[in-house]
Amino acid sequence: MTTEPALTAVPALNRARQLEMYRRATRVMPGGTDSNFRAWGEDTIYVDRGQGGLVWDADGNGFVDLRMGYGPVILGHADPRVDDYVNERMRKGVSFSLTSEDEVRAIELICELTGWVDQARMTVSGTEATMHAMRVARAYTGRNKIVKFEGQYHGVHDYALISVGPDDMSELGDADNPVRLTWGRGIPEQVAETIIPARYNNIEFLRRLFEREGDDIAAIIVEPVLGNAQGIMPEPGFHQAMRALTEEFGILLIFDEVKTGFRFAKGGAAEYFGITPDLGTYAKAMGNGYPAAAFGGRAEVMSVLPDKVSHGGTYAGNRVAAAAAVKTLEIIRDTDALETVRATGLRIQDGLREVLNPTGLPYHFTGHPSMFGIMFTDTVATEYRDWANTDHELYDAIAIAMQPRGAMPEPDSREPWFVCEAHAQGDIVDRVVTAFQGALGEALAARAQGRPSSDGHGAMSHPTAG
Ligand SMILES: Cc1ncc(COP(=O)(O)O)c(C=O)c1O
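Rules and cut-offs
Once a new chain begins, its residue numbering starts again from 1 and follows that chain's sequence as written. Residue-level local features of this predicted model are given only where pLDDT is at least 70; pairs of side-chain atoms are given and counted only at 80 or more, and the full residue set underlies all totals for whole chains, interfaces and linings. Values shown for side chains rest on all heavy atoms present in the structure; no hydrogens or waters enter the calculation. Among buried residues, those of type Ala, Val, Leu, Ile, Met, Phe, Trp, Tyr and Cys that are joined through side-chain atoms within 4.5 Å constitute a nonpolar core. Note on classification: 1.4 Å probe, protein chains only; a residue is buried when its accessible area is under 20% of the maximum for its type, exposed when over 50%, partly exposed between these limits. Contacts are residue-level and defined by heavy atoms, with any inter-residue pair within 4.5 Å sufficient. We count a stretch as a helix when DSSP gives it H or I for four or more residues in a row; a strand needs E for two or more, and each element gets its number in order from the N terminus. A pair of strands counts as paired when DSSP detects no fewer than two bridges linking them. Every axis corresponds to a line fitted to the C-alpha atoms, with the helix fit spanning only the stretch in contact, and the corresponding angles, defined between N-to-C directions, vary from 0 to 180 degrees. Oblique is the label for any angle not under 35 degrees, not over 145, and not in the 65 to 115 range, which are roughly parallel, roughly antiparallel and roughly perpendicular in turn. Gly falls in the polar group here, along with every residue not listed as nonpolar (Ala, Val, Leu, Ile, Met, Phe, Trp, Tyr, Cys, Pro) or charged (Asp, Glu, Lys, Arg). This arc is taken over the directions from the axis of the helix to the C-beta atoms. A pair of Phe, Tyr and Trp rings is counted when the ring centres sit within 6.5 Å of each other, with Trp represented by its six-membered ring. The angle between the planes then sorts it: under 30 degrees is stacked, over 60 is edge-to-face, the rest tilted. Over a ring means this: the NZ of a Lys or the CZ of an Arg is within 6 Å of the ring centre and within 35 degrees of the ring normal. Salt bridge criterion: a side-chain nitrogen from Lys or Arg within 4 Å of a carboxyl oxygen from Asp or Glu.

Peer 1: Would you mind showing me how to read the nonpolar core here?
Peer 2: The nonpolar side chains of soluble globular proteins are, as a tendency, buried together. Ranked by size, the top nonpolar core spans 106 residues in total, and within it Leu-206, Met-286, Leu-352, Ile-374, Met-402, Trp-417 and Phe-436 carry the most contacts. Beyond its immediate sequence surroundings of up to four residues, Leu-352 is in contact with Phe-365, Phe-372, Ile-374, Trp-417, Val-433 and Phe-436. If you look at the next biggest cluster of nonpolar residues, it comprises 21 residues, including Ala-129, Ile-146, Leu-279 and Val-301.

Following this line, the structure appears as structure tokens:
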């Protein structure tokens, strides 16, 4: 028996300008956006501006932003410390296809903060970072295959789009023998065949796989937590066991820290879980929203560059991105910003607990306080397939009903809430909790009356990460 929070009147969102923008944009942009993950049909949001932990859409509706651009904005939107520095540096010119000290400084900071990365190179996106890390791993080992976990997202290159995020888990195939499920058309079969899907938190599965095919496997790439499924955490000892197993079979371990890097800890998830991988990929939080990314690792592995492996990019290490990385990483190094982010995430969770506990609904938080999900189930999920057994329809209904109440999480339970330093300011935490309380009441009332609680976002298949 659940107790519903009281219902209060909610102002409707004004959407007139955005609807007009959507119609205009769809004429020239597929889906009216620059990314499938933002294409929400007539609900597509067109943004005007952000400030700190807040965002305003083109109709002037303001929200506490719990998406934070899918994670990069770790300090807050339009952070003057970063923006002023970038502005100052960019006046000296931005693109030379020559190397500036800003780039050297950015990479020095990555090495310093992670403590285990000896050498790195900048890219423009997380997609490029994982693509290059995979290539380096193949070149270093002389092997072709890469293992990736079901439900993990590593960007939109061909090698990454395997077994990422179906709604229907049967598409992933037999649990002991998962299929390579390509996400969308256009990925050559020959490319897909080099990727082996594995099951997160299942070390026995990995051992069997390595015993069978280890000689062909260059690397295993892992999001340290299942960032594409509410941040499902590793079971105690999983990363350590995986590290030991990869060493036993001479397989490289790539930590894809695009979401967790410079967020979970100053040294990312590798520091948080006490693991030393061979390669790591970074983006998002390293530039507070500017397009800064990097891949790096042990000197010996990275030594295949520059002579034996191709890597380049006109915009790799451009001044805007490099300067943003320098200032953001300095702030992360020199201040308690990450501690503020973590503490604020915990405050939000405390508030949500106060709302949820009296309802009797089964739920738990997943992930890290800086990047967490709310799973409506009493069983702890350990892999992507478990997400299907959660009451994600309830979550989606709540997330959508939070918008007119002034807070915007991603309207798909798989994407975590992202907390930034600026969320600690003013009454932001209270606003989030109040919006959640009202939305939960609405969703439960709709359910009690047998009404669909929400029709979700039209064109969105599965928002994941960019
Ligand atoms: C873990 C992970 N890897 C790679 C990527 C791809 O990064 P980008 O969107 O910058 O290409 C993402 C994006 O969300 C991600 O979450």
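Peer 1: What should I look at first to understand unusual backbone geometry in this one?
Peer 2: Most of the time, phi is negative for any residue but glycine, and the peptide bond is trans. Look at the link from Leu-305 to Pro-306: it is a cis peptide, with omega at 0°. Tracing the chain through its elements places Pro-306 in the loop between helix 9 (299-302) and helix 10 (319-334). The backbone of Phe-262 sits at a positive phi, close to 55°, despite the residue not being glycine. With respect to the secondary-structure elements, Phe-262 resides in the loop between strand 10 (252-256) and helix 8 (268-273). Owing to a relative accessible area of 1%, Phe-262 belongs among the buried residues under this scheme.

Peer 1: Just checking my understanding: could you explain the sheet that holds strand 16 (residues 417-418) for this structure?
Peer 2: Backbone-to-backbone hydrogen bonds join strands into a sheet, with any given pair of strands oriented parallel or antiparallel. What the three strands build is an open sheet, ordered 13-14-16; its pairing is antiparallel. The outermost strands of the open sheet, each flanked by one partner alone, are strand 13 (364-368) and strand 16. By the bridge criterion, five bridges tie strand 13 to strand 14 (residues 371-375) in an arrangement that is antiparallel. The residue of strand 14 that forms the bridge with Gly-367 is Phe-372.

Peer 1: Which parts of the structure should I look at to understand the packing of helix 6 (residues 203-213) against helix 7 (residues 238-249)?
Peer 2: Axis angle and axis distance: for two packed helices, these are the angle between their axes and the distance between the axes, and together they describe the pair. Close contact between helix 6 and helix 7 brings their axes to 10 Å; oriented N to C, the two are set at 5°. As the angle between them shows, helix 6 and helix 7 are arranged roughly parallel. Residues Ile-203, Leu-206, Arg-207, Phe-210 and Glu-211 of helix 6 form the contact with helix 7, whose own contacting residues are Phe-238, Ala-241, Met-242, Leu-245, Thr-246, Glu-248 and Phe-249. Among the residues making up the contact of helix 6 with helix 7, the classes are represented as eight nonpolar, one polar and three charged.

Peer 1: What am I meant to see in helix 2 (residues 80-90) here?
Peer 2: Each turn of an α-helix holds 3.6 residues, which means side chains three or four residues apart point in the same direction. All buried positions along helix 2 are accounted for by Val-82, Asp-83 and Val-86. Projection of helix 2 onto a plane perpendicular to its axis shows the buried side chains occupying an angular sector of 95°, all on one side. Against the buried residues of helix 2 lie helix 10.

Peer 1: Help me understand the sheet that holds strand 10 in this model?
Peer 2: In space, the seven strands of this open sheet follow the order 4-12-11-10-9-5-8, with mixed pairing throughout. Strands with a single pairing partner mark the edges of an open sheet, and in this sheet they are strand 4 (119-123) and strand 8 (195-198). Along the sheet, successive strands turn relative to each other by an average axial angle of 20°, direction set aside. Pairing of strand 4 with strand 12 (residues 293-297), which is carried by five bridges, proceeds in the antiparallel orientation. Bridge pairing in strand 12 places Arg-121 opposite Phe-295.

Peer 1: Help me out: how do you make sense of the environment of Tyr-395 in this one?
Peer 2: With respect to the helices and strands, Tyr-395 occurs in helix 12 (residues 392-402). Taking the C-alpha atoms as reference, Tyr-395 lies 9.7 Å from Gly-373; in sequence the two are 22 residues apart. Each residue touching Tyr-395, except ones within four places of it in the same chain, is listed here: Ile-374, Phe-376, Pro-409, Glu-410, Asp-412, Ser-413 and Trp-417.

Peer 1: Mind showing me how you'd approach the packing of aromatic side chains here?
Peer 2: Both the distance between ring centres and the angle between the ring planes are used here to describe each pair of aromatic rings. One pass over the full model with this rule turns up 15 aromatic pairs. Ring centres of Phe-37 and Tyr-153 lie 5.7 Å apart, and the angle between their planes is 85°; on these two criteria the pair is classed as edge-to-face. Within this pair, whereas Phe-37 is found in the loop between helix 1 (16-28) and strand 1 (47-51), its partner Tyr-153 is found in the loop between strand 5 (145-149) and strand 6 (173-174), the two being separated by 116 residues in sequence. Aromatic side chains Trp-417 and Phe-436 sit 6.3 Å apart centroid to centroid with 70° between the ring planes, which places their arrangement in the edge-to-face category. One end of the pair, Trp-417, is in strand 16; the other, Phe-436, is in helix 13 (residues 428-448), with 19 residues separating them in the sequence. Phe-436 carries the same exposure label as Trp-417, and that label is buried. Ring-pair connections join several aromatic residues into one group, and the members of that group are Tyr-363, Phe-365, Phe-372, Trp-417 and Phe-436. Positioned over the ring face of Trp-56 is Arg-49, at 4.3 Å from the centre of the ring.

Peer 1: Before we go on, may I ask you to explain the side chain of Asp-102 in this structure?
Peer 2: With respect to the element layout, Asp-102 can be found in helix 3 (residues 101-114). For Asp-102, a relative accessible area of 4% puts it in the buried group. Setting aside chain neighbours within four positions, we find Asp-102 in contact with Tyr-85, Arg-89, Arg-319, Ala-322, Ala-323 and Val-326.

Peer 1: Mind showing me how you'd approach the pattern of salt bridges here?
Peer 2: Under the criterion given, the structure shown has 31 salt bridges. The salt bridge partner of Arg-212 is Glu-213, with a shortest N-O separation of 3.3 Å.

Peer 1: Please explain the pairing of strand 3 (residues 62-65) as it appears in this structure.
Peer 2: The two faces of a sheet get side chains in turn, since along a regular strand they alternate between them. Here strand 2 (residues 54-57) pairs with strand 3 via three bridges, running antiparallel. Note that in strand 3 the partner of Trp-56 across the bridge is Gly-62. Taken together, strand 2 and the strand that follows it, strand 3, pair antiparallel across an intervening segment of four residues, in which Gly-60 is found at a positive phi of about 85°. As paired elements, strand 3 and strand 15 (residues 407-408) share two bridges and run parallel to each other. Note on strand 15: the bridge partner recorded for Val-64 is Ala-407.

It is worth stressing that arrangement in space is one thing and function is another; only the former is reported here.
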